[in-house]
Every structure is written in C-alpha cells, then in structure tokens.
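Now for the letters of each chain:
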Amino acid sequence: MAIAEMLRVADEVRIFPPLILDGRFYEYLSEMMDYFSMQGYAVQQRRVGCEFQRGGNSMLQIQRAAGRGWRWKDDGCGNQF
C-alpha cells in the first residue's frame, strides 16, 4: 500500500481531497481509516477551507504514533544515515 509506505518514512500523510475523479468519496475510505486506526495511527477526516473540486472540502490526515517506524539517524556531526 502506498499510504503505508509513506507512513514508514513520514510522521504524517495528508490526502486532499479523498475523492475519486467523478467527485465521489473513495469507496473504501472508511475501511482504510479503520485499518490505519487499528494499526495505531491517529486518523481523522478534517474539513478544510478550500474546495479543490466539487465536494472536495475535506482532507484525510493520518499521523504516526510516537516511536513507530523508520527514522533518519544523526551521528552528532549533522550527518544523517
């Protein structure tokens, strides 16, 4: 899953708008939200002030719980590996 891979390397993923091209919400949106919630992520659908396409005034926000996943490590000299 592309979203899971993005969450592996980022603290947060935002999907705006969570619609398919014809303006309907993605068919499996609630199942996807439930899946990531059960995996320990904070998942919410938030209303936003702009509308990219008709009915597209919401954003799906998925945040990683602290301590989960991959992180760049710093060697103390500013070098990341």
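A brief look at the structure comes next.

Below, the discussion takes up the packing of aromatic side chains. What the rule picks out here adds up to three aromatic pairs. With a centroid separation of 5.9 Å and 70° between ring planes, the pair formed by Tyr26 and Tyr28 is classed as edge-to-face. A residue is classified by how much of its surface remains accessible, and Tyr26, at 37% relative accessible area, is partly exposed. Ring centres 5.8 Å apart and planes at 75° place the aromatic pair Phe36 and Tyr41 in the edge-to-face group. Looking at Phe36, the relative accessible area reads 1%, which means it is buried. By way of ring pairs, the aromatic residues Tyr35, Phe36 and Tyr41 are connected into one cluster.

How each quantity is defined
Residues numbered from 1 in each chain as written. Predicted model: local features only at pLDDT ≥ 70, side-chain atom pairs only at ≥ 80, totals over all residues. Heavy atoms only, no water. Phe/Tyr/Trp six-rings, centres within 6.5 Å; stacked < 30°, edge-to-face > 60°. Buried < 20%, exposed > 50% of the residue type's maximum accessible area, 1.4 Å probe, protein only.

Bear in mind that shape data such as this cannot, by itself, settle questions of function.
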